[in-house]
Amino acid sequence: MSKGHDWKKLATESQVVAAGRPEKKPDGALNPAIALNSTFHEGGPIGYGRYGNEAWSALEEAISVLEGGKTLIFSSGMAAISSVFSLLPQGAIIVAAENGYQGTTTMLKKMHEAKKLEVRFVNLPNTDEVLKALPGAQMLYLESPTNPAIEVVDLPVVIAAGKKAGSIVVVDSTLATPMVQNPLALGADIALHSVTKYLSGHSDILLGCVVTNDESIFERVEQARRYGGAIPGPFEAWIALRGLRTFALRMQRSQENAMELAKRLEKDPRVLKVRYPGLASDPYHERAKSFMKGFGAMISFEVKADIAQIDKMCNSSTLITNATSLGGVESIWERRRRWATESHTIPENLIRFSVGIEAVDDLWSDIQSCFLAAKIN
Ligand SMILES: Cc1ncc(COP(=O)(O)O)c(C=O)c1O
């Protein structure tokens, strides 16, 4: 794939444009092919469509450059997460978030009930709680910032403690993205992402990835994909790489918008609390500054109103979409507790807001008219 680059010398903005390109040759293509094949002529390194193809390799190369490890892509973020849990033997102890992404906590609760894993659910931002839970754990499964509480885990400290305790340390870095933190550089064994979100960035496909520098973990996760079969199509991989080309620009803009809107929301008397680590008043601000390269573009805020009014507020927006998911060019918000599986530690009045790349004043006007429409004074 892309030759002649010293990736470490290039900034993220350049890496996302240059990585995952076919080899240069006269009249050669700038982009990988979307080759639709379930199988290949015998004798080559791939062999079958469930084992690899050109579009996957191109996307994997690009994410590898961004995260500083070797990447395997999956059909969704949850498929990537499942492959990581499959590294553990029956009944293994895993330390994980009690209020992280609800898809992950729901899966872990089910595995715990079925005695497939013994899950020690902890409040991840509480470092002491994590450290106390570690003895005997085969995996420490982290997520930071957490979704949807937007709390920052002290990654350098808990990763080091997890390694010392002999656990495989995993970080779901979906909300942060490689622009904001690189879990492998912080000592984790595995970084993973829902590529559905910021990396692809257009709310048009689902994909996930696992990134590691550990050869044995890489091989075992590759086997889990090969035989578990949670593979993406070549088209989805191609679309994700196309989206990744503008990832740095999109993330920069979304972060700027998020910072500005967090400041405005914080001053608004109709808002009880804003959760955004970029705010000096946020309890995680200093921690975030100590190891993160930015603050991300996810805000959660609690509104002084009843549930019906907050639902009306979310439904009244014209520019912001009332939907689940995050990380696209378009701003999306939702009241998180509308989902039965959302943790009860998340307040009923919390709106999770994935800030997009629109003009910030247009977003602010939309928010103002939503307050009015819902009669929140
Ligand atoms: C932090 C986090 N991890 C993982 C996932 C799962 O990703 P996917 O929806 O691509 O399966 C999500 C989805 O919202 C998420 O927010």
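What counts, and at which threshold
Residues numbered from 1 in each chain as written. Predicted model: local features only at pLDDT ≥ 70, side-chain atom pairs only at ≥ 80, totals over all residues. Heavy atoms only, no water. UniProt positions renumbered as here; feature names shortened; annotations may be inferred. Axes fitted to C-alpha atoms, helices over the stretch in contact; angles between N-to-C directions. Helix = DSSP H or I, 4+ residues; strand = E, 2+ residues; numbered from the N terminus. Left-handed = near helix turned anticlockwise from the far one by under 90°. Contact = heavy atoms within 4.5 Å. Domains from an automatic or database assignment. Buried area = accessible area lost by both parts, 1.4 Å probe. Salt bridge = Lys/Arg side-chain N within 4 Å of Asp/Glu carboxyl O. Polar contact = N/O pair within 3.5 Å; in protein donor to acceptor, adjacent residues only side chain to side chain. Nonpolar A, V, L, I, M, F, W, Y, C, P; charged D, E, K, R; others polar. Near = heavy atom within 4 Å. 1 Å grid on protein atoms, 1.4 Å probe; cavity = no way out; pocket = protein on both sides within 12 Å on 5 of 7 lines; lining within 4 Å. Sits in = over half its atoms within 2 Å of the grid points. Buried < 20%, exposed > 50% of the residue type's maximum accessible area, 1.4 Å probe, protein only. Pairing = 2+ DSSP bridges.

A UniProt comment under Sequence similarities (unreviewed entry) is attached to the protein, and it reads "Belongs to the trans-sulfuration enzymes family." Quoted verbatim from the Cofactor (unreviewed entry) field of the UniProt record, the comment on the protein reads "pyridoxal 5'-phosphate".

K.L.:
Before we move on, could you go through the packing of helix 3 (residues 77–85) against helix 4 (residues 102–113) and cite the residues and values that matter?
P.N.:
Close contact between helix 3 and helix 4 brings their axes to 11 Å; oriented N to C, the two are set at 35 degrees. As helix 3 runs across helix 4, the sense of the crossing is right-handed. Contacts between helix 3 and helix 4 involve Met78, Ile81, Ser82 and Phe85 from the former and Gly103, Thr104, Met107, Leu108 and Met111 from the latter.

K.L.:
Which residues make up the domain arrangement of the protein, and what are the values?
P.N.:
The assigned domain composition of the protein is domain 1 (7–244) and domain 2 (247–373). Each side of the interface is counted separately: domain 1 has 39 residues, and domain 2 has 37 residues. Buried area between domain 1 and domain 2, summed over both chains or domains, comes out near 3300 Å², and the portion from carbon and sulfur atoms is 60%. Taken together, the links from domain 1 to domain 2 amount to one salt bridge. Between Arg275 and Glu151 there is a salt bridge, with the nearest N and O atoms lying 4.0 Å from each other. Counting the contacts that link domain 1 with domain 2 gives 18 residue pairs in polar contact (both at pLDDT 80 or more). Elements that contribute at least two residues to the side of domain 1 that touches domain 2 include exactly helix 1 (12–18), helix 4, helix 6 (155–164) and helix 8 (234–244).

K.L.:
Requested: an account of the packing of helix 9 (residues 247–267) against helix 12 (residues 360–373), with residues and values cited.
P.N.:
The N-to-C vectors of helix 9 and helix 12 enclose an angle of 35 degrees; their axes lie 10 Å apart at closest approach. The interaxial crossing formed by helix 9 with helix 12 has right-handed handedness. In this structure, helix 9 uses Asn257, Glu260, Leu261, Arg264 and Leu265 to contact helix 12, whose residues at the interface are Val360, Asp361, Leu363, Trp364 and Ile367. For the contact of helix 9 with helix 12, the residue count by class is six nonpolar, one polar and three charged.

K.L.:
Before we move on, could you go through the site of the ligand and cite the residues and values that matter?
P.N.:
The environment of the ligand is formed by 15 residues, the closest being Met78, Asn147, Asp172, Ser194 and Thr196. A distance of 2.6 Å separates a nitrogen atom of the ligand from a polar atom in the side chain of Asp172. The contact in question runs from an oxygen atom of the ligand to an N or O atom on the side chain of Lys197, over 3.0 Å. When each cavity is represented as a set of grid points, the ligand is found to reside in the largest pocket. It is helix 3 that provides the largest number of residues to the shell around the ligand, a total of three residues. The residue inventory of the shell around the ligand, partitioned by class, reads seven nonpolar, six polar and two charged.

K.L.:
Account for the pattern of salt bridges, with residues named and values stated.
P.N.:
Scanning the model with the defined rule gives 18 salt bridges in all. Across the salt bridge formed by Arg225 and Glu60, the nearest N and O atoms sit 2.9 Å from each other. In this pair, Arg225 sits in helix 7 (residues 215–228) while Glu60 sits in helix 2 (residues 54–67), placing the two residues 165 residues apart along the sequence. Per residue, the accessibility class of Arg225 equals that of Glu60, and both read buried. We note a salt bridge from Glu334 to Arg352, for which the minimum N-O separation is 3.2 Å. Linking Glu334 in strand 11 (residues 332–335) with Arg352 in strand 12 (residues 350–354), this pair joins segments that are 18 residues apart in sequence.

K.L.:
An account of the sheet that holds strand 4 (residues 139–143) is needed here, citing residue identities and associated values.
P.N.:
Spatially, seven strands are ordered 1-7-6-5-4-2-3 in an open sheet, and the strand pairing comes out mixed. Because the sheet does not close on itself, it has two edges, and the strands there are strand 1 (70–74) and strand 3 (117–122). With strand direction ignored, the average angle separating the axes of adjacent strands in the sheet is 20 degrees. Of the pairings in the sheet, the one linking strand 1 to strand 7 (residues 208–212) comprises five bridges and is antiparallel in character. Across the sheet, Leu72 pairs through a bridge with Val210, a residue of strand 7.

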